[in-house]
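Residue-level structure breakdown
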Amino acid sequence: SLIGICVLSQIVFFDHFHVMGYGIPLIYALFLFDYRSGDNVICSMLWGALLGIVIDMFHGTIGMNMMAMVLVVFMRKSVFDCFVGEKKEIGYTVSIDSLGMMVYLQIVLVVTFVYCFCVLLLEYMDLEYITQVLWKALASCLSTTAFILFYNVLKNRRRGHTRKI
């Protein structure tokens, strides 16, 4: 439902919106943070692969988004454990309420940067353009992170939370 809306708006609107001439906000990456997977990594990877295939179909890329999405979904728990520690088990739920703003922001930045970098590196397939890949990944990461934070603030306000950020 939400992911379908994100994919549709990505294809119709956000693919034509360039940040600083480089990056494109990848709003469908909200899946990486909004999907509650519990302990079932295989199920998460399958959903990530499905989302990646759908994005690949509309972008004309052959498996690049799918590969990057599966990689990032697989490593999401490790990134979470690096910032939070294994002692805090909240079922992989990554939210501002459960983690606090700074930890949440760090996790979102790392995961979205890795995803953007993987997709762009696969697109260029040449290390000769590594600086261009890094700039595009950074611009896409920052715009995607801004969207994810905006979405979470709206979601928290809608639920009645008045937590100050």
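Numbers given for residues are sequential positions, taken from 1 along each chain in its written order. Whole-chain, interface and lining totals are the exception, using all residues; otherwise, since this is a predicted model, local features are given only for residues with pLDDT of at least 70 and side-chain atom pairs are given and counted only at 80 or more. To get the side-chain values, all heavy atoms of the structure are used, and hydrogens and water are removed first.

Below, the discussion takes up the pattern of salt bridges. Between Lys or Arg on one side and Asp or Glu on the other, a salt bridge is scored when a side-chain nitrogen of the former is within 4 Å of a carboxyl oxygen of the latter. One pass over the full model with this rule turns up 1 salt bridge. Among the ionic pairs, Lys77 bridges to Asp81, the shortest N-O distance being 2.7 Å. Pair noted here: Lys77 and Asp81 are both in helix H4 (residues 64-84), with a separation of 4 residues, about one helical turn. We classify Lys77 as partly exposed; its relative accessible area is 21%. Every helix listed is a DSSP run of H or I at least four residues long, and every strand listed is a run of E at least two residues long, numbered separately from the N terminus. Exposed residues in this analysis have more than 50% of their type's maximum accessible area, buried residues have under 20%, and partly exposed residues fall in between, with area computed by a 1.4 Å probe over protein chains only.

Structurally, Val73 is set in helix H4. Classification of Val73 by relative accessible area gives buried; the value is 4%. It is 6.6 Å that separates the C-alpha atoms of Val73 and Gly48, two residues lying 25 residues apart in sequence. Ignoring anything within four residues of it in the chain, the contact list for Val73 reads Phe31, Leu32, Ser44, Met45 and Gly48. Note on contacts: a residue pair qualifies if any of its non-hydrogen atoms lie within 4.5 Å across the two residues.

Once that is clear, we can look at the side chain of Asn65. Position of Asn65 among the secondary structure elements: in helix H4. Judged by its relative accessible area of 3%, Asn65 falls in the buried class. The contact partners of Asn65, leaving out residues within four places of it in the chain, are Tyr28, Gly52, Ile55, Asp56, His59, Tyr115 and Val119.

Turning next to helix H1 (residues 2-12). Within H1 the residues assigned to the buried category are Cys6, Val7 and Gln10. The buried residues of H1 occupy an angular sector of 95 degrees when the element is viewed end-on, so they sit on one face. Turned more than 90 degrees away from the buried face of H1 sit Ile5, Leu8 and Val12, all of them exposed. On its buried face, H1 sits against helix H3 (41-59). Arc definition: directions from the helix axis to the C-beta atoms.

Before going further, it helps to spend a moment on a nonpolar patch on the surface. Exposure above 30% relative accessible area and the absence of a salt bridge qualify a residue for a patch, where like charges join within 9 Å and nonpolar side chains (Val, Leu, Ile, Met, Phe, Trp, Tyr) within 5 Å. The Shrake-Rupley method, run with a 1.4 Å probe, gives the accessible areas here. Residue values count only the displayed protein chains as cover. The grouping of Leu8, Val12, Phe13 and Phe17 at the surface amounts to a nonpolar patch, some 420 Å² of accessible area in total. Inspection of the secondary structure puts Phe17 in the loop between H1 and helix H2 (31-34). Taking relative accessible area as the criterion, Phe17 reaches 39% and is therefore assigned partly exposed.

Note on scores: pLDDT gives the predictor's confidence for each residue, bounded by 0 and 100. Predicted confidence across the chain gives a mean pLDDT of 80, with 85% of residues reaching 70 or more. Within the chain, helix H6 (residues 101-124) carries the highest mean pLDDT (89), whereas H2 carries the lowest (74).

In this section: H3. Under the convention used throughout, the expected extent of a helix is 1.5 Å for every residue step, that is, one less than its residue count. The end-to-end C-alpha distance of H3, which contains 19 residues, comes to 26 Å, matching closely the 27 Å that a straight helix rising 1.5 Å per residue would cover. The set of residues buried in H3 consists of Ser44, Gly48, Ala49, Leu51, Gly52, Ile55 and Asp56. Along its buried surface, H3 packs onto H1, H2 and H4.

Attention shifts here to the packing of aromatic side chains. A pair of aromatic rings is counted whenever rings of Phe, Tyr or Trp (Trp by its six-membered ring) have centres within 6.5 Å, and the orientation is called stacked for planes under 30 degrees apart, edge-to-face for over 60 and tilted otherwise. The tally for this structure, following the rule as stated, stands at 3 aromatic pairs. Taken together, a centroid distance of 6.0 Å and an interplanar angle of 20 degrees make the contact between Phe113 and Phe117 stacked. Highlighted residues: Phe113 and Phe117, both in helix H6, separated by 4 residues, approximately one helical turn. Relative accessible area serves as the criterion here: at 27%, Phe113 is assigned to the partly exposed category. Overall, Phe117 belongs to the partly exposed group, its relative accessible area being 21%.

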